[in-house]
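Coordinate inspection notes
Spelled out, the chains give:
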Amino acid sequence: MFKKILIANRGEIAIRIIRAAKSMGIDTVAIYSTADKDALHVQLATQAVCVGGPLPKESYLNIENILSAAILTDAEAIHPGYGYLAENTKFVRLAEQNNLTFIGPDPEIIDMMSNKSKGRDIMKRHGVPVVPGTGIIEDVKDGLARVIKMGGFPVLIKASAGGGGKGIRAVYHKDSFATEFDTVTKEAQSAFGDGSVYLERLITNPKHIEFQFIADKHGNYVHLYERDCSIQYNHKKIIEEAPCRTLKDEVRQKMAHNVINAAKAMDYVNAGTFEFIMDKEQNYYFIEMNTRIQVEHPITEMITGIDIIKEQIRVSAGHPLSIKQENVKPEGYSIECRINAEDPKANFTPSTGKIENFVVPGGFGVRVDTELHNGFVVSPFYDPLVGKLIVHGKSRLECIRKMRAALEELTIKGINTNIGLHYSIFHHPKYVEGNFDTGFLTEVRGQPEGR
Ligand code: ADP
């Protein structure tokens, strides 16, 4: 097993990985920016190295400084977390050239899947149902011609390099196609450095269902069932739950079969997620694959009792998975709320400031993964996700009750947060009934500005 790993990330996920490593007796190296010198991940790691200034490109995306930190501290492996360099194959290849193990799949797989249009083609080849759509479209004329072939509007214009809900627009009529095409292309070019787009049929009122799996180098593939991530705003997930209460078992089995077959066909090693959207009749379609740990992984951990980060580290070190498919028996229900430093009343504007009073909820089956602590300064440089509130219970209703209580206990003074929004969702009859799809929050709150 590794003696020491470097965590190329910050915030709650860096802390999460440090904790997993500690439970395995592995030393950790944290990296940090000058803005993060008092951050919790820095205090919790065995060692910490400052890798640059506050802007991500100066520090958490600074490949040279991060690799130097790993080499100088004798780390053997790097866990990238999510975001930042987790899907940057230049980083992965350079790490490997320096004898550092990247805790994630092979760079070839990351490259294939980070282009969503290519990812769709590969899944089609491996027998996974894919949303009807196109490859890269050349221009407006080409796009309109392909819409006709697809059977008309509505369609989604999607950036091939998109992620985090950015670079997606719905088009309902040919008159707005040119404007929306232009908007997505420009948005994608500036956010991802790649303006290429493709089209997908817009599935109306779908659920977002995703399947977690993990594989080792010994040919063992295990899926960890599904998550329902349909509570979204502006295509961004806010609440996730596992399992999906309404998913028919036969559909669940079919999805699992698709996931394991495709992962095997790709010789995939490490953790990954297949994302699907599912219509009212429970027809499901692949939309993208994430080749890294995801924000919402804890709900799967809560129902399966499996520490996914620990398994990632094990398989990267060449060990077999510590679990077999027949022993994965999901128990009860789990829900996660993403706690964001933002103001839902002001179009989700990010909020910054010093944490004055932080009270963490607790109790049986309550888990809080967060970077917050009293005196910590939430700075404008990083993602607004500052923590995750996760509950586990025997039933969905028990989870809802636990979440209401936990949200009442959770106190964060000094910044604006979305705690109030979560609280209102957990009291909304449609949510409580379990009767919701990806349109739920837009219905409740109205269209986001600029849409
Ligand atoms: P990102 O990589 O930015 O997360 P995704 O392709 O995963 O983008 O899509 C984000 C969300 O947009 C999905 O969870 C779903 O709510 C919605 N979405 C994506 N594709 C479709 C589609 N073809 N029809 C309807 N909704 C979709």
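What follows concerns the overall build of the protein chain. The helix and strand tally for the protein chain stands at 15 helices and 22 strands. By the compact-globule yardstick of 22 Å for 451 residues, the protein chain fits well, its C-alpha radius of gyration being 21 Å. Viewed in the frame of its principal axes, the protein chain has a C-alpha envelope of about 60 × 50 × 45 Å. Going through the 451 residues of the protein chain one by one, you find that 56% of them count as buried. In the protein chain, once contacts between residues fewer than 6 apart in sequence are set aside, the share between residues at least 24 apart is 66%.

Each α-helix turn comprises 3.6 residues. Residues three or four places apart therefore point the same way. Ile63, Ile66, Leu67, Ala69 and Ala70 are the residues of helix H3 (residues 63–72) that are buried. Angular distribution of buried residues about the axis of H3 spans 155°; they occupy a single face of the element. Facing away from the buried side of H3 by over 90 degrees, the exposed positions are Glu64 and Leu72. On its buried side, H3 packs onto strand S1 (4–7), strand S2 (27–33), strand S3 (47–52), strand S4 (77–79) and helix H4 (89–97).

Here we take up the site of the ligand. Taken together, 23 residues lie around the ligand, and Lys158, Gly165, His208, Gln232 and Glu288 are the ones closest in. Ile203 is positioned such that a nitrogen or oxygen atom in its backbone is 2.9 Å from a nitrogen atom of the ligand. His208 places a side-chain nitrogen or oxygen 2.6 Å from an oxygen atom of the ligand. For the ligand, the protein covers 95% of the area, taking 550 Å² as the surface of the free molecule. Every element with two or more residues in the shell around the ligand is listed here: strand S6 (155–163), strand S7 (166–171), strand S8 (197–201), strand S12 (270–278) and strand S13 (284–290). The element contributing the most residues to the shell around the ligand is S6, with 4 residues. Broken down by class, the residue content of the shell around the ligand amounts to 8 nonpolar, 8 polar and 7 charged.

Next up on the list: unusual backbone geometry. Pro154 follows Phe153 through a cis peptide bond whose omega is 0°. Residues Ala242 and Pro243 are joined by a peptide bond in cis, for which omega reads -5°. Assignment of secondary structure puts Pro243 in the loop between strand S11 (236–242) and helix H9 (249–265). The phi dihedral of Gln282 is positive, around 65°, even though this residue is not glycine. Considering the arrangement of structural elements, one finds Gln282 in the loop between S12 and S13.

Pairing between side chains becomes possible if they bear opposite charge and their charged atoms approach one another. Evaluation of the coordinates by the stated rule reveals 30 salt bridges. Between Arg227 and Glu210 there is a salt bridge whose closest N-O contact spans 2.7 Å. Of this pair, Arg227 sits in strand S10 (residues 221–233) while Glu210 sits in strand S9 (residues 207–215); the two residues are 17 residues apart in sequence, bridging distant segments of the chain. Residues joined by salt bridges that share partners form a network here, namely Glu210, Arg227, Lys237, Glu240, Glu275, Glu296 and Arg338.

With that settled, consider empty space enclosed by the protein. By the definition in use, this model includes 2 cavities of 30 Å³ or more. Roughly 100 Å³ of internal volume is contained in the largest cavity. Every residue lining the largest cavity is counted, 15 residues in all, and those nearest its centre are Val378, Ser379, Tyr382, Asp383 and Pro384. Class assignment of the residues belonging to the lining of the largest cavity gives a composition of 9 nonpolar, 3 polar and 3 charged. Quantified by volume, the second largest cavity comes out at close to 50 Å³. Around the second largest cavity, the lining residues are Ile339, Phe358, Val368, Thr370, Gly387, Lys388, Leu389, Leu410 and Ile412. Sorting the residues of the lining of the second largest cavity by element identifies strand S19 (366–370) and strand S21 (385–393) as the ones contributing at least two each. Looking at which element gives the most residues to the lining of the second largest cavity, the answer is S21, with 3 residues.

We now examine the packing of helix H5 (residues 107–114) against helix H6 (residues 116–125). For the pair H5 and H6, interaxial distance at closest approach is 5 Å and the crossing angle is 105°. One way to sum up the angle between H5 and H6 is to call them roughly perpendicular. Facing H5, whose interface residues are Met112, Met113 and Ser114, H6 presents Lys116, Lys118, Gly119, Ile122 and Met123. A per-class count over the contact of H5 with H6 returns 4 nonpolar, 2 polar and 2 charged.

This part covers the sheet that holds S12. By way of backbone hydrogen bonds, the strands of a sheet pair with one another, either parallel or antiparallel. Taking strand neighbours across the sheet as the criterion, the 8 strands line up as S13-S12-S9-S10-S11-S14-S21-S19 in an open arrangement whose pairing is antiparallel. Each edge of the open sheet carries a strand with a single partner, namely S13 and S19. The mean inter-strand angle of the sheet, taken between neighbouring strand axes irrespective of direction, is 25°. Relative to S13, S12 is paired through 6 bridges, and the arrangement is antiparallel. From the neighbouring strand, Phe274 faces S13, where its bridge partner is Met289. Contacts between helix H1 (residues 11–23) and the sheet are confined to S19 and S21, with S19 contributing the most and set at about 115° to the helix. In the packing of H9 onto the sheet, contacts are made with S9, S10, S12 and S13, and the angle to S10 comes to roughly 115°.

So, on to the environment of Ile419. Inspection of the secondary structure assignment puts Ile419 in helix H13 (residues 419–425). According to the relative accessible area criterion, Ile419 is buried, its value standing at 12%. C-alpha separation for the pair Ile419 and Lys324, spaced 95 residues apart in sequence, amounts to 38 Å.

Parameters and conventions
For every chain, the first residue of the written sequence is number 1, and numbering continues from 1 along that sequence. Reporting in this predicted model follows two pLDDT cut-offs: at least 70 for local features of residues, and 80 or more for side-chain atom pairs to be given and counted; totals over whole chains, interfaces and linings ignore these cut-offs and use all residues. Based on all heavy atoms of the structure, the side-chain values leave hydrogens and waters out of the count. Per the convention used, a helix needs a DSSP run of H or I reaching at least four residues, while a strand needs a run of E reaching at least two, with both numbered from the N terminus. Within these notes, the globule rule equals 2.2 Å times the number of residues to the 0.38 power, and the radius of gyration is based on C-alpha atoms. For every residue, the accessible area (1.4 Å probe, protein chains only) is compared with the maximum for its type, and the residue is labelled buried under 20%, exposed over 50%, or partly exposed between those bounds. Between two residues, a contact is recorded if the distance between any of their heavy atoms is within 4.5 Å. This arc describes the spread of directions from the helix axis toward the C-beta atoms. Here a residue is near a molecule or strand as soon as one of its heavy atoms is found within 4 Å of it. Contacts described as polar in this section are N or O atom pairs within 3.5 Å, which, within protein, must combine one atom able to donate a hydrogen with one able to accept it, while residues neighboring in sequence count only if both atoms come from side chains. Method for areas: the Shrake-Rupley scheme with a 1.4 Å probe, in which residue coverage is limited to the protein chains shown. Polarity classes work like this: nonpolar for Ala, Val, Leu, Ile, Met, Phe, Trp, Tyr, Cys and Pro, charged for Asp, Glu, Lys and Arg, and polar for all others, with Gly in that last group. Any Lys or Arg side-chain nitrogen found within 4 Å of a carboxyl oxygen on Asp or Glu counts as a salt bridge. Both site types are read off a 1 Å grid over the protein atoms alone. A 1.4 Å probe that fits but cannot get out defines a cavity, while an open set with protein on both sides within 12 Å along at least five of seven lines defines a pocket; lining residues have an atom within 4 Å of a point. Grid points are joined across faces, edges and corners, and a volume is the space filled by probe spheres set on the points. For helices, the fitted line uses only the C-alpha atoms of the stretch in contact; every axis is such a line through C-alpha atoms, and the angle between N-to-C directions lies from 0 to 180 degrees. When describing relative orientation, an angle under 35 degrees is termed roughly parallel and one over 145 degrees roughly antiparallel, while 65 to 115 degrees is termed roughly perpendicular and anything else oblique. Each pair of strands is called paired provided DSSP finds at least two bridges between the two strands.

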